[in-house]
Amino acid sequence: MTVKSLLPLYNDRPDREGRDRLEILTALIGAPAFDPIFRDVIIRVPQGHRVYQWACVVDACERARHSGLDLCSTHFQEWGTARESGTTRAEFLTTAEPLPRAEYDQEGSCLICPDRPTSPRTELRLCIRHYGAWKYSVSVRDASVDFDQWVADQEPCEGYGNCQVTVCPGLALSPLGLCCWHRHRYMRDRRPGGAALPSSWWQRYEKQGQPVRVSYADQNAFRAWCAAVGPAPRPGQVNLRGLRPLLRAEIQWGLFAHTQEDRHSIWKLDWIQKLVNLARERDAGSLTDLDLDGFPRCHTAIVKKMLHYLRLVYFTPQQAREAGFIETDHFGIRFPARASHIDLTAISQRWLRDLLWDYTADLISSPRRPRTAAPIDGIRRACTELSAFLEVDATSGGHDPSALRVEHMTRFVADQRHREQNGLPSPVMKGLAGEPSTVTQVTRTDVFNGVRKLLRDALEHGTAERLALDREFIIAMPYAGNETLRARRPFPDEVARALADGDNLTRLAEVHDPDDLGLRDVWETIVVTGRRVGEVLKLRWDCIGHYGGLAMFWHDQTKVGNYDVAIRIPDRLYDLLAERQRKTLDRFVARHGRRPTGSERARLALFATKVRNPAGTTALSYTWFNRGFRDWVNELDLGQLVPHQARHTLATNLLRAGASLTHIRRYLGQVSDRMAAHYVHLTSTDLEDVLQHIWVAGPGTAQPGQLLAGDATPLTREQAQALAIDLSRRSTPAEGGFCTFQPVVEGGACPWNLDCHNCDKFVLSGADLLYWQRKREQWRLLAEGAPDDATADYLHRYFEPTARAIDGLESALAGLGLLNDALALDLRKPQDYFHRVWSTAFRAADLAQAADDEQDQVDDTTDEQEQCA
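Residues numbered from 1 in each chain as written. Predicted model: local features only at pLDDT ≥ 70, side-chain atom pairs only at ≥ 80, totals over all residues. Heavy atoms only, no water.

### So, the overall build of the chain
Thinking step 1. The number of helices and strands found in the chain is 35 helices and 14 strands.
Thinking step 2. Taken across its 869 residues, the chain has 43% of its residues classed as buried.
Thinking step 3. Put simply, the chain shows about 46400 Å² of open surface, and 49% of that area lies on carbon and sulfur atoms. (Helix = DSSP H or I, 4+ residues; strand = E, 2+ residues; numbered from the N terminus. Buried < 20%, exposed > 50% of the residue type's maximum accessible area, 1.4 Å probe, protein only. Areas by Shrake-Rupley, 256 points an atom, 1.4 Å probe, with all protein chains shown as cover.)

Following this line, the structure appears as structure tokens:
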């Protein structure tokens, strides 16, 4: 596999391609915004770099990481011992002692001989000769000899020049011309060319001031080895010597561009050095020349990512259009959980591909661009399906748009419907595992609507006329409509019990979340709070807290534009999330060797993913959660269930417990009462229950009509947070409302002789509206029929408190959007729903007729008795 397929080349002058690209990269690398540490041929990354971390993760430890680990060799051994004793990694890292840099990692020149390297076996920064002299001086003389004075008295020696290895910047250790590391490497490679020094060369030649001659069995073989061998591995260093200029600039730009990503993958410096060595061995002129066959997996991933960075530099948007792809980064857009590159080369017809490119570019650069890449994926699939069909059905493969007719579109529509009806696979689309994608109602709808939208857009903008595309061909694509939206059912009782069973939840955590990323905690939070899955997954670390003694849960309801919203939660859930907070902090400490700062802690995701997330700010994906949940449900054999049904279940239970639609809407973060009703499956009986939980003060109170329970109550933010959803009150039915005086509610006698309408403990519910409206009409009729104005004014003043209470009830219902529903209900008294005697009714005319018949019977009996007498 070559990387050239990843970077399509379309150039009129290929002879200038490499030179032009080198000029572009040279200008970018020389720009002020470019990090200067990546400009050098030998890149030296400082310790503690944000992206390219190479030092031991123990805080302040100066030693390099060992064998692909994040600990040095010494701390790795200590960690193995501590782990056996039951110590956690976070505890070990916070107590581990930092170590100075190892002797063999230290580089530099001798303190006395600037042209000779330091000995690899000492920290004194002396060459081998002066180190031996110092040891001899200490052993012969008094061990208290002053080192600084001794160094000042020594004479410097002439060096041996640079290491003869082409890519090595080090100093030669001996007249052989190799540094310490390459001398050992030369011995390990069995001394190609047979280069050797004479025996006792220092005593026989150098000490006598005579040159040391190197003998070779094959000097050309030795030179070839020096030219081919790689550089010595150095901590925090990438050696780009020996690379062609364009390839070197591409790697420098790729390393810098990788540091500009907020969410970046891990590129270890030793991986990059090995990649550089492989490219040098193959004498590649550019990353596009590399053949990735045989490359390690990590190197292949690095090359592909670097090529993405180069696409943005090498290709303008118009050149990308010619090449058959689109980069959303060209427009400053990056969709969530998606790469910038969108490949359009599967669409073989150039006219169709250009139509799609132009439409997509206009869409993502418009003010109303989509929030996700789903619309773009849908229309790309539609064009890919149409392209594959035209390739085999239309004349000349559909490459000539003027030759397309209505029968081609008609056959394409029939083919898609046939595949949907018979469950056949798509001719071109593949699934995630590479298997053919089956055509379903959803995919067929997306294809029809996508093709129709694209072609009609071309028709409206005149592009179809310029392409000579037949209008009948365009309008032959029918509108497929939208998939019918059906409400999710709440969980049945047996399913709810299974999903909340302790043993089942334990299995969910142990089997389907072995890394303990929080799968069970997410599910329990969804069940208890009724939040959307995405709202729980995207929680920040500081999402919980106690306010006024109440456990509060802070989250963002991004779907409806509500941010930093708080609800009350049970203490059990609070403790569960607090434990997850501790685990998240421990993971940060285990990765970085220190506790996060205040700003870092605020950005942490509570449920952080392990993939490309070194800072811990990226949350787990919905795909990850859904996969684990689906496998768990399948094991339990509960049927087709989705996590969102928990939200419907909670909404329905809240309604049964007496919450109003408005409170359910606000609690669940829904856009309207209509959506709340969609979630709770509202019936007329439910509506009656809702109306009965809207209470206002009665006419006998100091403020008749004041709302006592409902959304319109003027509350402060703190009061609203503390209110929660439970608005149930202990009450007992009374005429036209409810009595809330607790001794009466508990069965005692009323001390005011049931004078409810003048009592301040009497409240009106939403179910009493029609009763009190009839009362108001009755008093108005009485006032109109009064014999004089004084009597009418008295009646109006007497009924005024009751009228204010009725007005308050109407205002409360209107504010909640329930006034029309309350007026439409034929409720007489709330007592009708509590006792059979109140639900037995008779027509007034029938009762009057019955009374007349009874009186007639009495009169007849009296006449008969008188006649007999």
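On we go.
### Brief notes about the packing of aromatic side chains
Thinking step 1. Scanning the model with the defined rule gives 24 aromatic pairs in all.
Thinking step 2. Ring centres of Phe34 and Phe38 lie 6.5 Å apart, and the angle between their planes is 80°; on these two criteria the pair is classed as edge-to-face.
Thinking step 3. Under the relative-accessibility criterion, Phe38 is labelled buried at 1%.
Thinking step 4. Both rings, one in Trp523 and one in Phe629, keep their centres 4.8 Å apart while their planes meet at 50°; by these two values the pair is tilted. On the criterion of sequence distance, the pair formed by Trp523 in helix α21 (residues 519-529) and Phe629 in helix α25 (residues 622-636) is long-range, its members being 106 residues apart.
Thinking step 5. The class of Trp523 is buried, set by a relative accessible area of 1%. (Phe/Tyr/Trp six-rings, centres within 6.5 Å; stacked < 30°, edge-to-face > 60°.)

### Comments concerning the pairing of strand β9 (residues 562-568)
Thinking step 1. Judged from the 5 bridges that link them, strand β8 (residues 550-557) and β9 form a sheet pairing that is antiparallel. Looking across to β9, one finds that Gln557 is bridged to Asn562.
Thinking step 2. Between the antiparallel neighbours β8 and β9 lie 4 residues, among them Gly561 with a positive phi of about 75°. (Pairing = 2+ DSSP bridges.)

### Let's talk about the side chain of Ser340
Thinking step 1. Looking at where Ser340 falls in the secondary structure, it is placed in the loop between β3 (325-327) and β4 (341-343).
Thinking step 2. Among the polar contacts listed, one links the side chain of Ser340 to the backbone nitrogen of Asp329, at a separation of 2.9 Å. (Polar contact = N/O pair within 3.5 Å; in protein donor to acceptor, adjacent residues only side chain to side chain.)

### Observations regarding the state of the cysteines
Thinking step 1. One pass over the structure, following the stated rule, counts 0 disulfides.
Thinking step 2. Free of any disulfide, Cys56 has its nearest cysteine sulfur in Cys72, 3.9 Å distant.
Thinking step 3. Left unpaired, Cys180 is separated from the closest cysteine sulfur, that of Cys179, by 7.1 Å.
Thinking step 4. Cys180 sits in the partly exposed class, given a relative accessible area of 21%. (Disulfide = S-S within 2.5 Å.)

### Section: helix α20 (residues 502-512)
Thinking step 1. Here α20 has its buried residues at Asn504, Leu505, Leu508 and His512. Seen along its axis, α20 keeps its buried residues to an arc of 100°; they face one direction. More than 90 degrees from the buried face of α20, the exposed residues found are Asp503 and Glu510.
Thinking step 2. Against the buried residues of α20 lie α19 (493-499), α21 and α25.
Thinking step 3. Measuring from the backbone nitrogen of Asp503 back to the side-chain oxygen at the start of α20 gives 3.1 Å, which picks out Asp501 as the cap. (Arc of directions from axis to C-beta. Contact = heavy atoms within 4.5 Å.)

### Quick word on the confidence of the model for the chain
Thinking step 1. Looking at the chain, the pLDDT average stands at 82 and 81% of residues meet or exceed 70.
Thinking step 2. Confidence drops under a pLDDT of 50 for residues 1-13, and excluding neighbours within four residues, the segment shows 34 contacts in the predicted structure.
Thinking step 3. For the stretch residues 864-869, pLDDT sits under 50, and the model shows 0 contacts to residues farther than four places along the chain or on other chains. (pLDDT = per-residue confidence, 0-100.)

### Examining the pattern of salt bridges
Thinking step 1. Counted under the stated rule, the structure contains 27 salt bridges.
Thinking step 2. A salt bridge links Asp354 to Arg350; the shortest N-O distance between them is 3.0 Å. Linking Asp354 with Arg350, this pair stays in helix α13 (residues 350-365), spanning 4 residues, or about one helical turn.
Thinking step 3. Given a relative accessible area of 32%, Arg350 falls into the partly exposed group.
Thinking step 4. Here Asp515 and Lys610 are joined by a salt bridge, their closest N and O atoms 2.9 Å apart. Linking Asp515 in the loop between α20 and α21 with Lys610 in the loop between α24 (598-603) and α25, this pair joins segments that are 95 residues apart in sequence.
Thinking step 5. Three or more residues are tied together by salt bridges with common partners; here these are Arg321, Glu322, Arg350, Asp354 and Asp358. (Salt bridge = Lys/Arg side-chain N within 4 Å of Asp/Glu carboxyl O.)

### What about the sheet that holds strand β7 (residues 544-547)?
Thinking step 1. Taking strand neighbours across the sheet as the criterion, the 3 strands line up as β7-β8-β9 in an open arrangement whose pairing is antiparallel. Each edge of the sheet is formed by a strand with only one pairing partner; in this case those strands are β7 and β9. Across the sheet, the mean angle from the axis of one strand to that of its neighbour is 35°, orientation sign disregarded.
Thinking step 2. Where β7 meets β8, 4 bridges bridge the pair, whose relative direction is antiparallel. In the sheet register, Gly545 faces β8, and the bridge partner there is Met552.
Thinking step 3. Those strands touched by helix α23 (residues 571-592) are β7 and β8, and its axis lies near 130° from that of β7. (Axes fitted to C-alpha atoms, helices over the stretch in contact; angles between N-to-C directions.)

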